[in-house]
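# Per-entry structural report
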Amino acid sequence: TDEGTEVLARNAGFAVVRGDWLDVKIDQQAAKQFALGAHRWTVSLQIVYAFDLIHMGYNIIQQDVDVVWLRDVRKYFENTYADIEMACDGRLDYIGPGNTGFIHVRSNCKTRVYMETLIYYIGLVIAGRSDQRVWNMFLTSYDFRQLLFELLPPDKFAGGDMWGNGKKKGDRISDHVWFLHSSWTTDHSAKVTKFKQLDAWFLNASCSFYTEGIVPEHEEPPYYTPPHERTYTWPEPETAKKWWKTKAQTHFYEKDGVW
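Every chain begins its residue count from 1, and numbering advances along the sequence as written. Thresholds applied to this predicted model are a pLDDT of at least 70 for local features of residues and 80 or more for the giving and counting of side-chain atom pairs; totals over whole chains, interfaces and linings are not thresholded and use all residues. The basis for the side-chain values is all heavy atoms of the structure; hydrogens and waters are excluded.

### Details of the pairing of strand β1 (residues 60–63)
Two faces make up the sheet, and in a regular strand the side chains alternate between them. Spelled out, the test is: A simple rule labels every residue: compare its accessible area, found with a 1.4 Å probe on the protein chains alone, to the largest value its type can have, and call it buried under 20%, exposed over 50%, or partly exposed in between. Counting from the N terminus, the helices are DSSP H or I runs at least four residues long and the strands are E runs at least two residues long. For two strands to be treated as a pair, DSSP must find no fewer than two bridges joining them.
Alternating positions in β1 separate cleanly, Ile-60 and Gln-62 being buried on one face and Ile-61 and Gln-63 remaining unburied on the opposite face. Pairing analysis gives four bridges linking β1 to strand β4 (residues 98–105), with the strands arranged antiparallel. Counterpart to Ile-60 in the pairing with β4 is Val-105.

As structure tokens, then:
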């Protein structure tokens, strides 16, 4: 129901599906902080439309708007075979490990059942204001043990936990990154700052879709990370075997919670 964004998306060549059938008016203004405002409704609509496309036989890429493609990520999935692939969120608690800001789903009998399950339990997303914990809850459950779930390598698909924490020493960006997700921010304006740190903010005067005032007020990054300093490699030796394992749940392939 955001007419301004709809016009911008159509002018950029995207097909737009509106959510006017929803009885709830989605606020066009950005929420003051993560998961408030329209968040629960937009992620619920993502699940609804992904469900439709998967059942129609389409493979899908579902993503947030705070992402930048530095390469054509569709080509990456030409050489993969997992049923569901998600970006790593850098957390090992009950909400993680996959970040629902970027998901690739192949349409098959397993993923159709999985999407039906998400639709059935969509009330958990609306009430809990988090689609991520619901996606991960079922992906790591015994009932979906035959569904092949993979996390995307963080040196190619970098989430917000990988950079922009205000301490340059903690940044982990490779020189062959495909994709950047400006997650792990307190509000929407901080996302612009994070992208600028990597010279990956492109909505400026050089962009044909730029208009005055379209970019929110934001702080300039405290430092810039040039390409020659992006030396992160994967996997990290100390976490190679357990980097995506959640702490709060014993997985079906574990015996007594031990590897």
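### Examining helix α6 (residues 132–139)
With respect to burial, α6 is a largely interior element, six of its eight residues being buried. Turning to α6, its buried residues are Gln-132, Val-134, Trp-135, Asn-136, Phe-138 and Leu-139.

### Things to note about the environment of Tyr-232
Cut-off, in case you're wondering: The contact definition used throughout considers only heavy atoms, calling two residues in contact when any of these lie within 4.5 Å.
If you trace the backbone, Tyr-232 turns up in the segment after α7 (188–197). Looking at Tyr-232, the relative accessible area reads 10%, which means it is buried. Separated by 58 residues in the primary sequence, Tyr-232 and Ser-174 place their C-alpha atoms 4.5 Å from one another. For Tyr-232, the contacting residues outside a window of four places in its chain are Pro-154, Asp-155, Met-162, Arg-172, Ile-173, Ser-174 and His-176.

### A closer look at the sheet that holds strand β5 (residues 149–152)
As a reminder, the rule being used: Each axis is a line fitted through C-alpha atoms, and for a helix only the stretch in contact is used; angles between axes span 0 to 180 degrees, taken between their N-to-C directions.
Pairing is mixed in the open sheet, where four strands are placed in the order β1-β4-β3-β5. Because the sheet does not close on itself, it has two edges, and the strands there are β1 and β5. Ignoring which end each strand starts from, the neighbouring axes of this sheet average 25° apart. As judged from the five bridges shared by strand β3 (residues 84–88) and β4, these two strands associate in the antiparallel manner. What sits directly across from Ala-87, in β4, is Asn-99. Contacting β1, β3, β4 and β5, α6 crosses the sheet at an angle of about 60° to β4.

None of this, on its own, says anything about what the molecule does.
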